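Descriptive analysis of the structure
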Amino acid sequence: MNPQAKLIFALSLTLGTTLTISSNHWIMAWTGLEINTLAILPLISKSHHPRAIEAATKYFLVQAAASALVLFSSMTNAWYTGQWDITQLSHPISCLVLTVALAMKLGLVPFHFWFPEVLQGSSLIVGLLLSTLMKFPPITLLYLTSPSLKPTVLMTMAILSAALGGWMGLNQTQTRKILAFSSISHLGWMAIIVAYSPKLALLNFYLYTLMTAAVFLSLNSVKALKLSTLMTTWTKAPSLNAILLLTLLSLAGLPPLTGFLPKWLIIQELTKQEVAPAATIIALLSLLGLFFYLRLAYCATITLPPHTTNHMKQWHNNKPTNTMVAVLTTMSLMLLPISPIILAVV
């Protein structure tokens, strides 16, 4: 793909995201979502591999259906209340339809089926965009409409997402699919808290974006698409592999790393809101996620492949680590001590 085309698609993604997050009118928000969808499709299908084309087709169909539901929900609300303002969503049918639409956009259970398949058909960099930037506009709409949405529906979806994301990630051997199920699991944590403390859901999203970007870029710099490839990357970039171990543990939410902060705050807030059973269930379900992060970390740093003859050892490269990877991994590990400052800003 030539640089001019890449620039156009990057600008379109920026425009679409900015349009959705800054608008207070439903039609403008919908336009932003559509621009985003159309801009990411060529990036998904640029390799012309049948799997990439299939991923682009699946992505287009799901996002088109979700956008139609967003439009239907806003039009129904405008029909009954005369309001096109995003924060004035009050009609019960509109609220329910919008919850379904945003769940489809984000990949929340039970509308999650497309996400692992699309991520598997994309490159690691496009996978990073799909897991972070493309989730930002729907998360913003969820944040703006959170007072109108039903907490029970969101909580059910959230617990199912945390359960299914953890459960289905256990048996995977492809790194992109593991990160897709990790994303579904993290979305569960955001969905469970958005009705009680929308700012906390947004903070969780920011920190998740930070840690996921660090993992995706680390995997991209060693070109690890499967666990078997990941087993031999220690010869290529030993220091990066050691840091990847800690970044994965941060994504799992272990103290004293950054990933512990959102989980701790969410459990605290849920307990304050007297939904301690939900907090207990989602905390226990995060152990499933911890297992497959540990499996990834184990493959990356501790184990050697059992049949060394079948695996080509990679040359150690003396190239310095990408600055972006260095900054993101450092932030993924060390933000917990400054949590009072983060909370004051948010």
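Residues numbered from 1 in each chain as written. Predicted model: local features only at pLDDT ≥ 70, side-chain atom pairs only at ≥ 80, totals over all residues. Heavy atoms only, no water.

What to know about the overall build of the protein
For the protein, the helix and strand inventory stands at 16 helices and zero strands. In terms of overall dimensions, the protein is globule-like: its C-alpha atoms have a radius of gyration of 20 Å, near the 20 Å expected for 346 residues. When its C-alpha atoms are laid out on the principal axes, the protein stretches across 70 × 50 × 35 Å. The buried share among the 346 residues of the protein stands at 53%. In the structure as shown, the protein presents an accessible area of about 15,300 Å², 71% of it carried by carbon and sulfur atoms. The protein carries 18 positive and 6 negative side-chain charges, and their two centres are separated by 17 Å. (Helix = DSSP H or I, 4+ residues; strand = E, 2+ residues; numbered from the N terminus. Rg over C-alpha atoms; globule rule 2.2 N^0.38 Å. Buried < 20%, exposed > 50% of the residue type's maximum accessible area, 1.4 Å probe, protein only. Areas by Shrake-Rupley, 256 points an atom, 1.4 Å probe, with all protein chains shown as cover. Lys, Arg positive; Asp, Glu negative; His and termini not counted. Charge placed at Lys NZ, Arg CZ, Asp CG, Glu CD.)

Things to note about unusual backbone geometry
Across the junction of Val 109 and Pro 110, the peptide omega takes the value 5°, indicating a cis bond. Secondary-structure assignment places Pro 110 in the loop between helix 4 (92–106) and helix 5 (114–120). Residue Pro 256 is bonded to the preceding Pro 255 through a cis peptide linkage, with omega at 5°. Looking at the secondary structure, you find Pro 256 in the loop between helix 12 (238–252) and helix 13 (260–272). With a phi angle near 55°, Lys 223 is a residue other than glycine that sits in the positive phi range. Located in the positive-phi region is Glu 274, a residue other than glycine, with phi close to 60°. As for its placement among the helices and strands, Glu 274 is situated in the loop between helix 13 and helix 14 (276–302). Relative accessible area serves as the criterion here: at 72%, Glu 274 is assigned to the exposed category.

Some points on the pattern of salt bridges
Scanning the model with the defined rule gives three salt bridges in all. With its nearest N and O atoms 2.8 Å apart, the salt bridge here joins Lys 58 to Glu 54. Here the residue Lys 58 and the residue Glu 54 both occupy positions in helix 3 (residues 50–81), the gap between them amounting to four residues, near one helical turn. Because the salt bridges share partners, they merge into one network encompassing Glu 54, Lys 58, Glu 117 and Lys 177. (Salt bridge = Lys/Arg side-chain N within 4 Å of Asp/Glu carboxyl O.)

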